[in-house]
Amino acid sequence: MPTNNFTNKFLTTNSCAVIAAPFSGGQPKGGVELYKSFFICNITNNLFRGPPRMLEAGLLDMIEGLDWKVEIQHNDFNALEKECKKVVDTRHIKNASFVSKTCQTIHEQIKKHAALGQMILTLGGDHSLGMATVSGTAAVHKNLGVIWVDAHADINTVDSTDTGNLHGCPVSFLTGLTGQVEGFEWLKPCLETNKICFIGLRDVDEPEKKILKENNIKAFSMYHVDKYGISKVVEMCLEYLGKDTPIHLSFDVDALDPSVAPSTGTPVRGGLSFREGHYICEALHESGQLVGIDIMEVNPALALSDEQQIQTINVGCSLARSALGETLL
Ligand SMILES: NC(=[NH2+])NCCC[C@H](N)C(=O)O
Ligand SMILES: [Mn+2]
Ligand SMILES: [Mn+2]
């Protein structure tokens, strides 16, 4: 039974702004912006873009069923993409202009809704959008803390990234570790390195390991999840960030084991179980400190079958519901 006992310490309404962000410019594989299934609709190379498949699955009704008032913000980045194609990339960083302009748009939308005291749920889209979502809630909620659930640390700087894919870099932009990057002038450092906790890491690049160590950043890898159990890990994160801290949850579905969420761009074996992923969301809802939720990297185009695709979309929806107050009893 849904129960959204509205006891949030930082929100002033029971309204939830859902930001649909069909965007894949921060990584090389199309599809996180997809609307219709390749399989169901037989669209092979002409990508039809639109709101994320989680909406098609009925997510808005589900959220209303949890007693939230829902405000949906749709986005279409097709025109922007064409315009940005003409801009020369910043060094080896791919699609810098497209990522920056998209993120700036989403940042402004989130800032507006967060200022109304609303919960923010962003449906990605690739994780470069983290630049927009965290900076958007941080602009309103002072002293914001972030729980970044991911197989990857996404903390490469523009100098350390091997791939040049910006979905591997958002945390270094948010914390200012990458310095001011040309074209991203709108994005000012908004997150202290001691206000972020990672959960689920298991595929961290060597330069990222160095960055995490040097900056003493709190990170729980899958080793720590195995060692302490997920409930203790979440408890340690909440203790570390503090009770007076509004919290933004940025959930990359590749944190889950590929057997749970197969349809994503950079799957890594040995991930969180279905229940471990949902436990994180449930416990953060229970904390009453959540002000923003991202469900990122759901990529319907990469599934090997309809079943895999539906499974991943469904798990994205159920993570969002858990973070918004769905309980098992
Ligand atoms: N959001 C993600 N799935 N990020 C994957 C990043 C992979 C790799 N560390 C890179 O920088 O490209
Ligand atoms: Mn990831
Ligand atoms: Mn990520």
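In case you missed it, the structure is sitting above this.
Overview of the structure. The shown structure was predicted, so the numbers you read here are calculated from the model rather than taken from an experiment. Throughout, residues of each chain are indexed from 1 in the direction in which the sequence is written. For this description, chains carry letters from A and ligands carry numbers from 1, given in the order in which they are written. In keeping with the predicted nature of the model, local features appear solely for residues at pLDDT of at least 70, side-chain atom pairs appear and are counted solely at 80 or more, and the whole-chain, interface and lining totals rest on all residues. No hydrogens and no water enter the side-chain calculation; it runs on all heavy atoms of the structure.

## Quick word on the overall build of the protein chain
Strands here mean DSSP runs of E at least two residues long; helices mean DSSP runs of H or I at least four residues long; both are numbered from the N terminus. A tally of regular secondary structure across the protein chain gives 12 helices and 8 strands. The C-alpha radius of gyration computed for the protein chain amounts to 18 Å, which stays within 12% of the reference 20 Å derived for 329 residues, consistent with globular compactness. Going through the 329 residues of the protein chain one by one, you find that 58% of them count as buried. Throughout, a contact is declared for two residues whenever any of their heavy atoms are within 4.5 Å. At a minimum sequence separation of 6, the contacts of the protein chain that also span at least 24 residues come to 75%. Based on C-alpha atoms, the radius of gyration is set beside the globule rule, defined as 2.2 Å times the residue count to the power 0.38. Here's how the labels work: a residue is buried when its accessible area is under 20% of the maximum for its type, exposed when over 50%, partly exposed in between, all with a 1.4 Å probe on protein chains only.

## With respect to the nonpolar core
Take the buried Ala, Val, Leu, Ile, Met, Phe, Trp, Tyr and Cys residues and link them wherever side-chain atoms come within 4.5 Å; each set so joined is a nonpolar core. Counting residues in hydrophobic clusters, the biggest one holds 97 residues, and the most contacted among them are Leu121, Ile199, Leu249 and Ile295. Among the elements that make up this core, the one with the highest residue count is helix H5 (residues 96-115) (7 residues). Filtering out sequence-adjacent residues up to four positions away, Leu121 remains in contact with Cys16, Ala17, Val18, Ile19, Leu59, Ile63, Ile293, Ile295, Ala320 and Leu324.

## Quick notes on the coordination of the manganese ion (ligand 2)
Protein-derived coordination of the manganese ion (ligand 2) comes from Asp150 (OD), His152 (ND1), Asp252 (OD), Asp254 (OD) and Asp254 (OD), at a distance range of 2.1 to 2.4 Å. Between consecutive donor residues of the manganese ion (ligand 2), the sequence gaps follow D-x1-H-x99-D-x1-D. A spacing of 3.2 Å is found between the manganese ion (ligand 2) and the manganese ion (ligand 3), which share Asp150 as a donor. Here Asp150 is found in the loop between strand S4 (145-149) and helix H7 (170-175), whereas its partner Asp254 is found in the loop between strand S7 (247-252) and helix H11 (274-287), with 104 residues between them in sequence. On the basis of relative accessibility, which here comes to 1%, the residue Asp254 falls in the buried class. Donor atoms: N, O and S within 2.8 Å of the metal, or within 3.2 Å for Na, K and Ca. Because water is excluded, sites can look incomplete.

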